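For reference, the chains in residue letters:
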Amino acid sequence: MRKTLTAAALTLGLLNTGCALNSTAQATESNVAENSAPIPVSLKKGQVISYILINSKRSDEAQSVRQDYYEKAFPLASGYGLQRLINLQVPTSFVGETKRDAVTLFSYPDMASEAGLANHPDWPAIKAMRPDAWDELIIFTGELESNLAFNFDPTKAYTLAVAEINPDAPEAYNAYMSGIEPGLNEMGGRFIYRMINPKIESHGKQYDKDVQVTLVEWDDLSTIGRYTSTDIYKANAKFFSDGVRGFEFFQIAPAG
């Protein structure tokens, strides 16, 4: 019973996104770098992409630990081909209990490279520093099944959705995503990349293995609010309610 109530509340929150966005979209868009050039992301099939969701501790001690972590982690990881693709801010959180500070995208050449870092004898001690530096550091990692190429276009809006799938209705969320995609495309939006059942690292929130992380491009920020108010979206809302037991949905934008 608790899962049903939680899913219903999440659905209502997502549907109500339209009311909030219609009044705040213009102000929020103005805070995102309007004159910056598009930022390209281009990866090949077999490469590995990671989303890192960041919530930092604010103390001087934590800042010192973060600096120490960076100085140890990145030189080691770069030896395995780790590359920072883009730093992203989180201008707006629409659904979810936690306001993320930032999101960073990283890539590896392949799964063997990612595993090589994880198995390095020095890596466990470096990873153990994370709880002292961040309230939460959540990493979703997946291998690309096809080429991925897109631009973070400053004239567009982008969101990240993290869905924890309900094991009692494992296909409902897929039905929801299939149902909403045609209407999304008609309004100038598109699914850029769905990461399904990623590898998850977290010392904060704990997830079951069945998770989907979806990056979406919208024609502009106001499109999100208008789309969640359409009949086609509402017709698929039951699949969302049945299919998830946890959900985060927030705007992301290049950090400048």
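Residues numbered from 1 in each chain as written. Predicted model: local features only at pLDDT ≥ 70, side-chain atom pairs only at ≥ 80, totals over all residues. Heavy atoms only, no water.

Let's hear about the overall build of the protein: which residues, and what values?
Looking only at helices and strands, the protein has ten helices and twelve strands in total. Buried positions account for 47% of the 256 residues belonging to the protein. Put simply, the protein shows about 12,400 Å² of open surface, and 50% of that area lies on carbon and sulfur atoms. (Helix = DSSP H or I, 4+ residues; strand = E, 2+ residues; numbered from the N terminus. Buried < 20%, exposed > 50% of the residue type's maximum accessible area, 1.4 Å probe, protein only. Areas by Shrake-Rupley, 256 points an atom, 1.4 Å probe, with all protein chains shown as cover.)

I'd like a rundown of helix H4 (residues 111–118), residues and numbers included.
Think of an α-helix as 3.6 residues a turn; residues three or four steps apart then line up on the same face. What H4 keeps buried is the set Ser113, Glu114, Gly116 and Leu117. What you see down the axis of H4 is that its buried residues fit within an arc of 155 degrees, all on one side. Buried positions along H4 lie against helix H3 (60–78), strand E5 (102–108), helix H5 (123–127), strand E6 (134–143) and strand E10 (199–201). A distance of 3.3 Å separates the backbone nitrogen of Ala112 from a side-chain oxygen at the start of H4, and that oxygen is part of Asp110. (Arc of directions from axis to C-beta. Contact = heavy atoms within 4.5 Å. Polar contact = N/O pair within 3.5 Å; in protein donor to acceptor, adjacent residues only side chain to side chain.)

Please give an account of the nonpolar core that cites residues and values.
Among the nonpolar cores identified, the biggest contains 28 residues, and Tyr51, Leu53, Val103, Phe140, Leu160 and Ile252 are the most heavily contacted of them. Sequence-distant contacts of Leu53, defined by excluding residues within four places in its chain, comprise Arg100, Ala102, Val103, Glu136, Leu137, Ile138, Phe140, Leu160, Val162 and Phe250. Membership of the second largest hydrophobic core comes to 22 residues, among which are Ala157, Tyr173, Tyr176 and Tyr227. (Core = buried A, V, L, I, M, F, W, Y, C linked by side-chain atoms within 4.5 Å.)

Give a description of the packing of aromatic side chains that names residues and reports values.
Under the definition given, this model contains 17 aromatic pairs. Relative to Phe152, the ring of Phe150 lies with its centre 5.2 Å away and its plane at 65 degrees, an arrangement referred to as edge-to-face. Their ring planes at 35 degrees and their centres at 5.5 Å tell us that Tyr173 and Tyr176 sit as a pair that is tilted. Placement of the pair is Tyr173 and Tyr176 together in helix H7 (residues 172–186), with a separation of three residues, close to one helical turn. By relative accessible area, which is 1% here, Tyr173 ends up buried. A residue is classified by how much of its surface remains accessible, and Tyr176, at 4% relative accessible area, is buried. (Phe/Tyr/Trp six-rings, centres within 6.5 Å; stacked < 30°, edge-to-face > 60°.)

Tell me about the pairing of strand E8 (residues 157–165), residues and numbers included.
Across the nine residues of E8, nine count as buried, placing the element largely inside the fold. Burial along E8 is two-sided: Ala157, Thr159, Ala161, Ala163 and Ile165 facing one way and Tyr158, Leu160, Val162 and Glu164 facing the other are all buried. Summarising the sheet, E8 and strand E11 (residues 211–218) pair through eight bridges and their orientation is antiparallel. Among the inter-strand pairings, Tyr158 is bridged to a residue of E11, identified as Glu217. (Pairing = 2+ DSSP bridges.)

Any chance you could break down the environment of Pro170 for me, citing the residues and the numbers?
Structurally, Pro170 is set in the loop between E8 and H7. A sequence separation of 72 residues divides Pro170 from Asp242, and the C-alpha atoms of the two residues are 8.9 Å apart.

With reference to specific residues and values, describe the confidence of the model for the protein.
Taken as a whole, the protein shows an average pLDDT of 89; of its residues, 86% reach a score of 70 or greater. Counted against residues more than four places away or in other chains, residues 1–5, with its pLDDT under 50, gives three contacts. Confidence drops under pLDDT 50 across residues 22–33; counting only partners more than four residues distant or on other chains, this segment forms 18 contacts. (pLDDT = per-residue confidence, 0-100.)

Kindly report on unusual backbone geometry, identifying the contributing residues and their values.
With glycine set apart, most residues show a phi of negative sign, and most peptide bonds adopt trans. The phi torsion at Asn197 lies on the positive side, around 50 degrees, for a residue other than glycine. Take Asn197: it is sitting in the loop between strand E9 (190–196) and E10. Owing to a relative accessible area of 44%, Asn197 belongs among the partly exposed residues under this scheme.

Pulling in residues and values, what's your account of the pairing of strand E3 (residues 83–89)?
Judged from the six bridges that link them, E3 and E5 form a sheet pairing that is antiparallel. Note that in E5 the partner of Gln89 across the bridge is Ala102. When E3 meets strand E12 (residues 244–254), the two strands line up antiparallel, connected through two bridges. Residue pairing across strands places Gln89 opposite Ala253, the latter belonging to E12.

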